[in-house]
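# Survey of secondary and tertiary structure
The chain contents come next:
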Amino acid sequence: MAPGVTGMVGGRPKVSPIFKFFSFLYQKKDVSILIDIDGTQEEYEPWIAQQTEPTSPAQTSDEMPIKPADFSDLDDIDYYQLKDVGYARSGDKGNTVNIGVIARHPDLVPYLNEKLTAEAVGLIFQHLFEDESGHKIENGHKLVKRFYLAGINAFNFVLPSALGGGGVASLRPDPQGKGAAQMLLDEFYLALPKNTMKSIIKETD
C-alpha cells in the first residue's frame, strides 16, 4: 500500500498530536492524601525516610577485577561477530536505551572487557544521540556508560538521549530500543584468539 494511505478509500491519515511523557520527583511531605472507603474519609500521612548518606554508585568495569585478555600470539587472531561470543537483550527507560551483553563462556569475559568498551558501543549508535531539540549530539558516544555484572559474566550498557524522546514522544520506528541488541550483535566485531574460540566452542557443543 502506498505511504500515507490508511485504506482503499480512506485517504491520507490526519495530523495528530504527539504526547510526551514527563517524569519528575515531588516531595511526599507536600502531598495531601485523603483515603475514602465507603464514604468514610481519613487523612493519611506517608512515612518519610530520614536523610541518609548517599549510597555508592554501581561499579564500572574499570573498577572490577577482571584478568587481562591474552593476545600474546598475534598469528592466532581472527575476527568474530559479537553474536558469536555473547548473547544480548535491549529495552528502554524513557529516552534511554539499555543493552545487556552476556558472554557465552566465562573465558570470553576478559576479551569483552577489553574490546567491548562503552565508547566502542557508543560509536555503533552514534547516529541515535539527539538533544531535546532533535539536533544530533556531537560525540554522543561518550555519554555511554558500562557496568560489569560479575555474577553472570555480563556487561550492561546505558545509552542516554538515544531514542528521540522515547515511547510515544518518539517518531522513530523503534522508539523503545528493542532492536538495539540485535544491531550490536550484528555490527560489532572482535579480534580474538582462534584457539581460545575453538576450545570454547568444543566445550559448549
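For the structure, see preceding data.
Residues numbered from 1 in each chain as written. Predicted model: local features only at pLDDT ≥ 70, side-chain atom pairs only at ≥ 80, totals over all residues. Heavy atoms only, no water.

### Concerning the sheet that holds strand E5 (residues 96-103)
If you trace the 4 strands from one edge of the open sheet to the other, you get E4-E5-E7-E6, paired in antiparallel fashion. Here the strands that pair on one side only, and so sit at the sheet edges, are strand E4 (86-93) and strand E6 (145-149). Sheet twist, expressed as the mean angle between neighbouring strand axes with direction ignored, is 20°. The pairing of E5 with strand E7 (residues 154-159) spans 6 bridges and is antiparallel. In the sheet register, Gly100 faces E7, and the bridge partner there is Asn156. (Pairing = 2+ DSSP bridges. Helix = DSSP H or I, 4+ residues; strand = E, 2+ residues; numbered from the N terminus. Axes fitted to C-alpha atoms, helices over the stretch in contact; angles between N-to-C directions.)

### Here's the deal with the side chain of Ser90
Take Ser90: it is sitting in strand E4. Overall, the relative accessible area of 9% leaves Ser90 in the buried class. At 2.7 Å, the side chain of Ser90 forms a polar contact with the backbone oxygen of Gly177. In this structure, Ser90 is in contact with Asn98, Ile99, Gly177, Lys178, Gly179, Ala180 and Ala181, ignoring residues within four places of it in sequence. (Buried < 20%, exposed > 50% of the residue type's maximum accessible area, 1.4 Å probe, protein only. Polar contact = N/O pair within 3.5 Å; in protein donor to acceptor, adjacent residues only side chain to side chain. Contact = heavy atoms within 4.5 Å.)

### Remarks on helix H4 (residues 180-187)
Buried within H4 we find Ala180, Ala181, Leu184 and Leu185. The buried residues of H4 occupy one face: seen down the axis, they fall within an arc of 135°. Against the buried residues of H4 lie strand E3 (77-81), helix H1 (82-85), E4, E5 and helix H3 (118-124). (Arc of directions from axis to C-beta.)

### Looking at the pattern of salt bridges
Once the charged atoms of two side chains with opposite charge are near each other, the side chains can pair. Under the criterion given, the structure shown has 4 salt bridges. The salt bridge involving Lys83 is made with Asp186; its shortest N-O contact spans 3.8 Å. In this pair, Lys83 sits in helix H1 while Asp186 sits in helix H4, placing the two residues 103 residues apart along the sequence. Linking Glu130 and Lys136 is a salt bridge whose minimum nitrogen-to-oxygen distance equals 3.6 Å. Residue class for Glu130 comes out buried when judged on its relative accessible area of 17%. Linked through salt bridges whose partners overlap, the residues forming this network are Glu130, Lys136 and Arg172. (Salt bridge = Lys/Arg side-chain N within 4 Å of Asp/Glu carboxyl O.)

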